[in-house]
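Listed below are the residues making up each chain.
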Amino acid sequence: MSSTSIDDLLTFEEEAASTGPQARGSRVGPVLRSLAWAAGVVAVLVVGLRAVGLQVSLPVLIAGVLAVLAVRRITTLLAPPPPPPAGGRAATGEEDGSYNWGARDSLRSAINRWEWPLDWSNTRPERFTEVVLPRIGELADERMRLKHGVTRESDPARVRALLGDRLWTFLETPPRRTPSPRDLAVIVAELEKI
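Since this is a predicted model, take the numbers as computed values, not measurements.

Calculation criteria
Residues numbered from 1 in each chain as written. Predicted model: local features only at pLDDT ≥ 70, side-chain atom pairs only at ≥ 80, totals over all residues. Heavy atoms only, no water. Helix = DSSP H or I, 4+ residues; strand = E, 2+ residues; numbered from the N terminus. Buried < 20%, exposed > 50% of the residue type's maximum accessible area, 1.4 Å probe, protein only. Areas by Shrake-Rupley, 256 points an atom, 1.4 Å probe, with all protein chains shown as cover. Core = buried A, V, L, I, M, F, W, Y, C linked by side-chain atoms within 4.5 Å. Contact = heavy atoms within 4.5 Å. Salt bridge = Lys/Arg side-chain N within 4 Å of Asp/Glu carboxyl O. Expected span 1.5 Å × (residues − 1). Axes fitted to C-alpha atoms, helices over the stretch in contact; angles between N-to-C directions. Parallel < 35°, antiparallel > 145°, perpendicular 65-115°, else oblique. Nonpolar A, V, L, I, M, F, W, Y, C, P; charged D, E, K, R; others polar. Patch = residues over 30% accessible without salt bridge, like charges linked within 9 Å, V, L, I, M, F, W, Y side chains within 5 Å. Arc of directions from axis to C-beta.

A.B. asks: Please clarify how the overall build of the chain should be interpreted in this entry.
C.D. replies: What the chain contains, in helices and strands, is nine helices and zero strands. When the helices and strands of the chain are read in sequence order from the N terminus, they spell out α-α-α-α-α-α-α-α-α. Out of the 194 residues belonging to the chain, those deemed buried represent 20%. About 14600 Å² of surface is accessible on the chain, with carbon and sulfur atoms providing 60% of the total.

A.B. asks: Even after reading the chapter, I still don't get the nonpolar core, so can you show me in this structure?
C.D. replies: As a rule of thumb, nonpolar side chains are buried together in soluble globular proteins. Within the largest apolar cluster, 18 residues are counted, with the highest numbers of intra-cluster contacts made by Ile-136, Leu-163, Leu-167, Phe-170, Leu-171 and Leu-191. If you list the elements that add at least two residues to this core, you get helix 6 (125-148), helix 7 (156-163), helix 8 (165-172) and helix 9 (181-193). Ranked by the residues each element gives to this core, the list is headed by helix 6, at seven residues. Apart from the residues lying within four places of it in its own chain, the contact partners of Leu-171 are Leu-133, Ile-136, Gly-137, Ala-140, Arg-152 and Leu-163.

A.B. asks: It is not clear to me how the pattern of salt bridges should be interpreted in this structure. Could you clarify?
C.D. replies: Pairing of side chains with opposite charge becomes possible as their charged atoms draw close. In the structure shown here, the tally under the stated rule is five salt bridges. For Arg-152, the salt bridge goes to Glu-172, with nearest N and O atoms at 3.1 Å. Here Glu-172 lies in helix 8 and Arg-152 lies in the loop between helix 6 and helix 7, a separation of 20 residues in the sequence. You can call Arg-152 buried: its relative accessible area is 11%. Salt bridges here are not isolated pairs; linked through shared partners, they connect Asp-141, Arg-152 and Glu-172.

A.B. asks: It is not clear to me how helix 3 (residues 28-51) should be interpreted in this structure. Could you clarify?
C.D. replies: Since the α-helix packs 3.6 residues into each turn, any two residues three or four apart lie on the same face. Spanning 24 residues, helix 3 covers 34 Å between terminal C-alpha atoms, matching the ideal 34 Å at 1.5 Å per step. At the exit of helix 3 stands Gly-53, carrying a positive phi of roughly 90°.

A.B. asks: Would you mind showing me how to read the packing of helix 6 against helix 9 here?
C.D. replies: For any two helices packed against each other, one specifies the crossing angle of their axes together with the interaxial distance. It is the contact of helix 6 with helix 9, at a shortest axis distance of 10 Å, that shows an interaxial angle of 20°. Compared by their axis directions, helix 6 and helix 9 come out roughly parallel. Every residue of helix 9 that contacts helix 6 at Phe-128, Ile-136, Leu-139, Ala-140 and Arg-143 is listed here: Leu-184, Leu-191 and Glu-192. Residues that form the contact of helix 6 with helix 9 fall into these classes: six nonpolar, no polar and two charged.

A.B. asks: I tried to follow a nonpolar patch on the surface on my own but got confused; where do I start?
C.D. replies: A cluster of nonpolar residues, Val-28, Val-31, Leu-32, Leu-35, Leu-58, Ile-62 and Leu-66, forms a patch on the protein surface that exposes about 600 Å² of accessible area. Elements with a minimum of two residues in the nonpolar patch: helix 3 and helix 4 (58-78). The dominant element in the nonpolar patch, judged by the number of residues it contributes, is helix 3, at four residues. Examined against the element boundaries, Val-28 turns out to sit in helix 3.

A.B. asks: Hey, could you run me through helix 8 in this one?
C.D. replies: Along helix 8, the positions that sit buried rather than exposed are Leu-167, Trp-168, Phe-170 and Leu-171. Buried residues of helix 8, seen end-on, are gathered within an arc of 160° and therefore sit on one face of the element. Those residues of helix 8 that are buried lie in contact with helix 6, helix 7 and helix 9.

A.B. asks: Which parts of the structure should I look at to understand the environment of Phe-128?
C.D. replies: Position of Phe-128 relative to the elements: it lies in helix 6. In this structure, the C-alpha to C-alpha distance between Phe-128 and Pro-174, residues 46 residues apart in sequence, is 8.8 Å.

Given below as structure tokens:
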């Protein structure tokens with residue numbers, strides 16, 4: 001049983017967050033890159049200044065280059081976000097009540113994360129038991145944890161009493177065929193009553 005929450009199931013991320021060994025070295029990489037840039041700029045400035053016959057103290061030159069790079073980095077971090085792409089919906093005051101199905105937003109992504117596996121399970125019943133049923137189980141566990149402080153793993157007897165026999169049997173014994181939309185609606189309604 002995984003410990004995925006309802007929020008995890010319904011959130012949308014543009015890019016997957018990097019985890020593991022790369023995340024640990026992520027602070028060193030930009031610093032080394034900045035120092036390499038600074039060294040390169042200092043070298044070019046020293047050569048350029050000596051070519052025209054000017055001499056500047058090396059520590060002053062290094063401090064100046066590092067200061068310019070730091071200011072550049074800070075202004076980049078504090079810059080406002082880019083404007084939305086042209087052609088999007090313009091705010092015209094009152095909404096007309098229709099949903100823009102073509103827009104890419106978190107609601108549509110959450111719906112698709114349920115719609116696609118359910119659609120795939122029509123032709124492949126094993127897909128339902130491998131993908132959809134565990135998600136419904138996670139939702140049931142999360143609702144039980146939030147409302148009653150238990151999960152199917154921590155206190156199966158109490159959860160069975162709270163869920164009822166129909167929902168408990170559905171979650172614990174994989175169905176042989178994909179449930180019909182009507183059966184799923186009944187299951188979801190029972191799950192929402194928890």
